[in-house]
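Listed below are the residues making up each chain.
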Amino acid sequence: MTIFRDRPLVLLAPALLIAVAGCSSADDSATVAVPSPDAKTAPVCRELHRVLPQKLDGRSRNDPEPRSAYTAGWGNPAIILRCGVVRPPKMIDPKVAKGDDPDAIAGGVDGVDWLMEKQGDGTWRFTTAGRRAYVQVRLPEGMSAQEEGTAVLTDLATAVKKAIPEGIASMR
C-alpha cells in the first residue's frame, strides 16, 4: 500500500500539532531543574522553603514547575531560588578571591555571603557561601545585579540566616 509512503507530511502534521498543543500551557510559572541535595542538606533546604518570604523585591511568590521543596520563584519573569545545588566552580577560583575575575564577585548582604556571577546570557546568579547548603538565586534577564540584586538578597537574608546554618556545605 503506498498511501502512507506518498503522504508522510499529511499524517505527521496533525500529530505534531497535537503534541505541541499538549505541551503548551497558559500557566506563566517557570520550569527549572530541581536540585538533588544529599541527606545532610535536604532538611535545611526544606526548612528554607518553609520560611521564604511571600514577596521578594515587590514580586509575589510564583513557584516554578515541577513544584519542589528545593525550589521557589517570585514574579514573572521569575526570580528563581534553588537550594541544595552543587558548589559552583568559581567558588574556589583564586581569581575570584583576588578580585581578578570581571564576571564573578564575592560579597555579603545583611550577614549572608554570596558569590555573584554574570552568566553567558547576561543574567546574574548568586550562590551562598559559608553556609551548610548552597542556595542559588537567578535573576531574570533585564534585572541589574547591583540594584535589584541587592534588594532581592536583602529580602532573602532573614530566611537564609534562619534556615541555613553557617558552616561548610557538602563538596558535591
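Now for a description of the structure that goes with this document. (Residues numbered from 1 in each chain as written. Predicted model: local features only at pLDDT ≥ 70, side-chain atom pairs only at ≥ 80, totals over all residues. Heavy atoms only, no water.)

As for the environment of Pro-88
Its location among the elements puts Pro-88 in the loop between β4 (79-83) and α4 (94-98). Among the residues examined, Pro-88 registers a relative accessible area of 3% and is labelled buried. Considered as a pair, Pro-88 and Thr-127 are 39 residues apart in the sequence and their alpha carbons are 7.8 Å apart. Apart from residues no more than four positions distant in its own chain, Pro-88 is found in contact with Leu-115, Glu-117, Arg-125 and Thr-127. (Helix = DSSP H or I, 4+ residues; strand = E, 2+ residues; numbered from the N terminus. Buried < 20%, exposed > 50% of the residue type's maximum accessible area, 1.4 Å probe, protein only. Contact = heavy atoms within 4.5 Å.)

Looking at the sheet that holds strand β6 (residues 112-118)
Here we have six strands laid out as an open sheet, ordered β3-β4-β8-β7-β6-β5, and antiparallel in their pairing. The open sheet is flanked by β3 (71-74) and β5 (104-109), the only strands paired with a single partner. The mean angle between the axes of side-by-side strands here comes to 20 degrees, regardless of whether they run parallel or antiparallel. (Pairing = 2+ DSSP bridges. Axes fitted to C-alpha atoms, helices over the stretch in contact; angles between N-to-C directions.)

Quick word on the packing of helix α3 (residues 42-51) against helix α5 (residues 148-163)
At a minimum axis distance of 9 Å, the contact between α3 and α5 shows a crossing angle of 145 degrees. Classified by chirality, the crossing of α5 by α3 is right-handed. Residues Val-44, Glu-47, Leu-48 and Val-51 of α3 lie in contact with α5, whose contacting residues are Ala-159, Val-160, Lys-162 and Ala-163. Here the contact of α3 with α5 is composed, by residue class, of six nonpolar, no polar and two charged. (Left-handed = near helix turned anticlockwise from the far one by under 90°. Nonpolar A, V, L, I, M, F, W, Y, C, P; charged D, E, K, R; others polar.)

Some details on the state of the cysteines
Summed over all chains, the structure comprises one disulfide. Shown here is the disulfide that connects Cys-45 with Cys-83, its sulfur atoms set 2.1 Å apart. Measuring the twist about the S-S bond at about -75 degrees, one finds the Cys-45-Cys-83 disulfide to be left-handed. Taken together, the residues span a long stretch of sequence, with Cys-45 in helix α3 and Cys-83 in strand β4 at a distance of 38 residues. Take Cys-45: its relative accessible area is 0%, and that puts it in the buried class. (Disulfide = S-S within 2.5 Å.)

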